Amino acid sequence: VPGSPIFMMQLCTEARHLEVQIVGDEYGNALALNGRDCSTQRRFQKIFEEGPPVIAPKEVFRQMELSAQRLTQSIGYIGAGTIEYLFNAATNKYFFLELNPRLQVEHPVTEGITGVNLPSVQLQVAMGIALYRIPEIREFFGENPISAEPIDFMKQEYRYPTNHVIAARITAENPDEG
């Protein structure tokens, strides 16, 4: 079609599919609740989800989280969502794929590494409660859970998870159909 834009993309060989779990509130707060490695896929379905993602160095993943938080704030996103990236382990570079504006089926991996009940947080945010007033969020960031002091989620880092979670999805296929 004449005048149509052409998009060119760099081929990312051996890239990994990393996700950052985000939550935004109506007061402009945005936080990242670590993330997941969802690289093992079959027919565009995630088979294994692993958290925290160990392929990316912590400082690089922190930059991915901050990028996700900035995007969340810049569009005024409210609620739980997932920012997905392609990550090249050879260069430590990451590339934005998409923002999923919902709680994904693999959210229990994030819950398992953070101790944060994501449906509960999503409901509290929908009720107008600021993220820094939610006790589970405060605990994850090492703060007093009953305090109402604001938290600057762009500057304050959370306590890095000490556990590891792997989830596997069972799928059914008809082997006669390939």
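Placed above this text is the structure.
Since the model is a prediction, treat every value here as computed from it, not as a measurement.

Reading guide: rules and limits
- Residues numbered from 1 in each chain as written.
- Predicted model: local features only at pLDDT ≥ 70, side-chain atom pairs only at ≥ 80, totals over all residues.
- Heavy atoms only, no water.
- Helix = DSSP H or I, 4+ residues; strand = E, 2+ residues; numbered from the N terminus.
- Rg over C-alpha atoms; globule rule 2.2 N^0.38 Å.
- Buried < 20%, exposed > 50% of the residue type's maximum accessible area, 1.4 Å probe, protein only.
- Contact = heavy atoms within 4.5 Å.
- Areas by Shrake-Rupley, 256 points an atom, 1.4 Å probe, with all protein chains shown as cover.
- Lys, Arg positive; Asp, Glu negative; His and termini not counted.
- Charge placed at Lys NZ, Arg CZ, Asp CG, Glu CD.
- Pairing = 2+ DSSP bridges.
- Core = buried A, V, L, I, M, F, W, Y, C linked by side-chain atoms within 4.5 Å.
- Salt bridge = Lys/Arg side-chain N within 4 Å of Asp/Glu carboxyl O.

> Could you give me a rundown of the overall build of the chain, with the residues and numbers involved?
Counting secondary structure elements, the chain contains four helices and eight strands. Starting at the N terminus, the α and β elements of the chain follow one another as β-β-β-β-β-α-β-β-α-α-α-β. In terms of overall size, the chain behaves like a compact globule, its C-alpha atoms giving a radius of gyration of 18 Å where 178 residues would be expected to give roughly 16 Å. By the burial criterion, 41% of the 178 residues in the chain qualify as buried. Long-range contacts, defined as pairs at least 24 residues apart, comprise 59% of the intrachain contacts of the chain with a sequence gap of at least 6. Accessible surface for the chain amounts to roughly 10100 Å². Of this, 55% is attributable to carbon and sulfur atoms. Averaging the positions of the 15 positive and the 22 negative side-chain charges in the chain gives two centres separated by 3 Å.

> Hey, could you go over the pairing of strand β5 (residues 48-51) for me, with residue numbers and the actual values?
With burial as the criterion, only one face of β5 is covered, namely that bearing E49 and G51; the residues F48 and E50 on the opposite face remain uncovered. With four bridges connecting them, β5 and strand β8 (residues 165-168) associate as antiparallel partners. Directly across from G51, in β8, lies its bridge partner V165.

> Which residues make up the nonpolar core, and what are the values?
One finds V23 and I137 to be the most contacted residues of the largest nonpolar core, which totals 18 residues. Among the secondary structure elements, those contributing two or more residues to this core are β2 (30-37), α3 (118-126) and α4 (135-140). If one sorts the elements of this core by residue count, α3 sits on top with three residues. Apart from residues no more than four positions distant in its own chain, I137 is found in contact with L31, L33, V116, V121, L131 and F153. The next biggest cluster of nonpolar side chains, apart from the first, holds 14 residues, and it includes L18, V60, F61 and L99.

> Break down the environment of L71 for me, with residues and values.
Checked against the element boundaries, L71 lands in helix α1 (residues 58-74). Overall, L71 belongs to the partly exposed group, its relative accessible area being 25%. In sequence terms L71 and I22 are 49 residues apart; their C-alpha atoms lie 9.9 Å from each other. Once residues within four sequence positions are removed from consideration, L71 is found in contact with I83, F96 and L99.

> Quick one: what's the story with the side chain of K46, residue by residue and with numbers?
Along the chain, K46 falls in strand β4 (residues 45-46). Discounting residues that sit within four places of it in the chain, K46 has contacts with H17, E19, C38, T40, Q41, E84, Q104, E106 and R169.

> Account for the pattern of salt bridges, naming residues and giving values.
Within this structure, the stated rule accounts for nine salt bridges. The partner of R169 in a salt bridge is E106, and the shortest N-O contact between them spans 3.3 Å. Linking R169 in the segment after β8 with E106 in the loop between β7 (93-100) and α2 (107-114), this pair joins segments that are 63 residues apart in sequence. Judged by its relative accessible area of 25%, R169 falls in the partly exposed class.

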